[in-house]
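Here is how the chains run, residue by residue.
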Amino acid sequence: STRPRVYNFGAGPAALPLDVLEKAQREFLNYENTGMSVMEISHRSKTFEILLNNTKQDLKTLLQVPDNYKILFMQGGGCTQFSAIVYNLLEVKKQQLPEGEEFNPPLDYFITGSWSAKAADEAKRLYNNVNVVIDVKKSNGNFGSIPPKEEWKLSGSKAAFVYYCDNETINGVEFPFIPDIDPSVPLVCDMSSNILSRKFDVSKFGVIYAGAQKNIGPAGVTIVIVRDDLLVKPKSINDQDKGVPVTPTMLNYKIFADNNSLYNTPPMFSIYISGLVFEWLLNQIGGVGAMEEINKQKCTKVYDLIDKSKIYRSLVDKPVRSRMNAPFRIVPEKLEKEFLAGAEELKMVQLKGHRSVGGIRISMYNSVTLEAIDFLINYMIEFEKKHTN
Ligand code: PLP
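Per an unreviewed UniProt entry, the protein chain is named Phosphoserine aminotransferase, and its organism is Glomus cerebriforme. If you open the UniProt record of the protein chain and go to Sequence similarities (unreviewed entry), you find "Belongs to the class-V pyridoxal-phosphate-dependent aminotransferase family. SerC subfamily." Database annotation for the protein chain, UniProt heading Pathway (unreviewed entry): "Amino-acid biosynthesis; L-serine biosynthesis; L-serine from 3-phospho-D-glycerate: step 2/3."

Structure below.
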């Protein structure tokens, strides 16, 4: 199948590969000859165990996840991980602390866009020592850049972790590098909107997480990749814990790791579709490296057009422009409505920018084809011609 029903440039939930949807449709009523849909079988059955383990193995292959990392399937989306990382990694740090020493390690946050800002806000709600490494909006008035290392205020080895969001979905800011930090401190990364879009070195991280609904599958499952040494048993509250939160069972990484993500009923259908997406990436695309090349072509086409244009304007510094989400404004702004309506007419949907920043946003996750981007670019060129002379 070539021309999809629509060209979907949504930021999330996002388009899924058509091949995946068609396979799911074929298997919908009768998964693996069980006579049941995949969402009707027991999560304790052999059939589901095989599905789960294959899915995990395929992700491990795609990202070359080292053996000392666990892949977890959790729930609650990216936002739940904003809390989970605080609980788990404070617990880790606490258990490393010499007896009797006061416990108040800083948590280091890079704030480069709306999502990392939200994560830092949640950390501040739960704990009283959050250190802002950089807050780009505070220093520059808006998100759209990543200041050089000299301006970072890291806490060094004292920190319980360093946090950043690799790709800011709303603001279109993506790290072109992995931040260089004290190697004894776990690096935590939100990759919700760019995981599997390019190769990266998992071994640089303590925890990586991603909500599924952009580059992975349907909302409902959250992938967590966590290094072995950061798996600690959750304790119940005791006298020494004053001011330090205790991890809820359902947020504890070790519980999920020890139970192969089957501590309770997992979001089976979301895991199943995610597995089909992993298969598609491996077998049809040729892995993350091949995907990265396609993604590079897609965003290069989009940004080249914007940079040459007299009416489209990117507000993001070139080196940190996201390969996944390209937000831009049209000058004059009153043309934006017409742009969106015209796109809809041609069955190009979900191009409206996030309500907090306005404008247009082209999301070009893995399942968005070069063909779709070419179609959109053609429209953008025609639209500009119509409005300039
Ligand atoms: N982090 C990033 C980078 C996101 O783009 C999003 C959602 O759009 C979230 C976190 C929040 O994810 P969820 O809606 O799954 O909680």
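A. Highlighting the overall build of the protein chain. Within the protein chain, the secondary structure is distributed over 10 helices and 14 strands. Its C-alpha atoms put the protein chain at 75 × 60 × 30 Å along the principal axes. Every one of the 389 residues in the protein chain was classed for burial, and the buried ones make up 43%. Long-range pairs, those at least 24 residues apart, make up 70% of the contacts in the protein chain between residues at least 6 apart in sequence.

B. Seen up close, the nonpolar core. If you look at the biggest cluster of nonpolar residues, it comprises 106 residues, and the most contacted ones within it are Y109, F161, V162, Y163, I223, V224 and M364. The residues that make up this core include at least three from each of domain 1 (22-283) and domain 2 (287-387). If sequence neighbours within four positions are ignored, I223 has contacts with I71, F73, Y209, A210, A212 and I216.

C. Just the pairing of strand β10 (residues 222-227), in detail. The buried fraction of β10 is high, at 5 of 6 residues. Pairing geometry for strand β2 (residues 69-74) and β10, over 6 bridges, is antiparallel. Note that in β10 the partner of Y69 across the bridge is R227. Inspection of the sheet shows strand β9 (residues 207-211) paired to β10 by 5 bridges, in the antiparallel sense. Within the sheet, the bridge partner assigned to V207 lies in β10 and is V226.

D. Structural view of the sheet that holds strand β5 (residues 161-165). Spatially, β2-β10-β9-β8-β5-β3-β4 is the arrangement adopted by the 7 strands of the open sheet, whose pairing is mixed. Bordering the open sheet on either side are β2 and β4 (130-135), each of which pairs with just one other strand. Sheet twist, expressed as the average angle between the axes of neighbouring strands with direction ignored, equals 15°. Sheet topology note: the strand β3 (residues 107-111)/β4 ladder contains 5 bridges and is parallel. The residue of β4 that forms the bridge with I111 is D135.

E. Fine view of the domain arrangement of the protein chain. Under the domain assignment used here, the protein chain contains domain 1 (22-283) and domain 2 (287-387). Averaged C-alpha coordinates put domain 1 and domain 2 at centres separated by 28 Å. Listed as interface residues are 24 residues of domain 1 and, on the opposing side, 23 residues of domain 2. Looking at the side of domain 1 that touches domain 2, the elements that each hand over two or more residues are α2 (46-63), β7 (173-174) and α7 (268-285).

F. The arrangement of the packing of helix α3 (residues 77-96) against helix α4 (residues 114-126) in detail. Where α3 meets α4, the closest approach of the two axes is 9 Å, and the angle between their N-to-C directions is 45°. With respect to α4, the element α3 is oriented oblique. Like other packed secondary-structure pairs, α3 and α4 cross with a definite hand, here right-handed. On α4, the residues that touch F82, S83 and V86 of α3 are K118, A119, E122, A123 and L126. For the contact of α3 with α4, the residue count by class is 5 nonpolar, 1 polar and 2 charged.

G. Inspection of the site of the ligand at higher detail. Close contacts around the ligand come from G12, G77, G78, C79, W115, C165, T169, D190, S192, S193 and G211, and that covers them all. The leading source of residues in the shell around the ligand is α3, at 3 residues. Here the shell around the ligand is composed, by residue class, of 3 nonpolar, 7 polar and 1 charged.

H. Main features of α7. Taking 1.5 Å of rise per residue, the 18 residues of α7 would be expected to cover 26 Å, and the 25 Å separating its terminal C-alpha atoms lies within 8% of that figure. M268, S270, I271, Y272, I273, S274, G275, L276, V277, F278 and L281 are the residues of α7 that are buried. Backbone geometry just downstream of α7 places G286 in the positive-phi region, at approximately 100°.

The rules behind the values
- Residues numbered from 1 in each chain as written.
- Predicted model: local features only at pLDDT ≥ 70, side-chain atom pairs only at ≥ 80, totals over all residues.
- UniProt positions renumbered as here; feature names shortened; annotations may be inferred.
- Helix = DSSP H or I, 4+ residues; strand = E, 2+ residues; numbered from the N terminus.
- Buried ≥ 20, exposed ≤ 12 C-beta atoms within 10 Å, placed from the backbone.
- Contact = placed C-beta atoms within 7 Å.
- Core = buried A, V, L, I, M, F, W, Y, C linked by C-beta atoms within 7 Å.
- Domains from an automatic or database assignment.
- Pairing = 2+ DSSP bridges.
- Axes fitted to C-alpha atoms, helices over the stretch in contact; angles between N-to-C directions.
- Parallel < 35°, antiparallel > 145°, perpendicular 65-115°, else oblique.
- Left-handed = near helix turned anticlockwise from the far one by under 90°.
- Nonpolar A, V, L, I, M, F, W, Y, C, P; charged D, E, K, R; others polar.
- Near = placed C-beta within 6 Å.
- Expected span 1.5 Å × (residues − 1).

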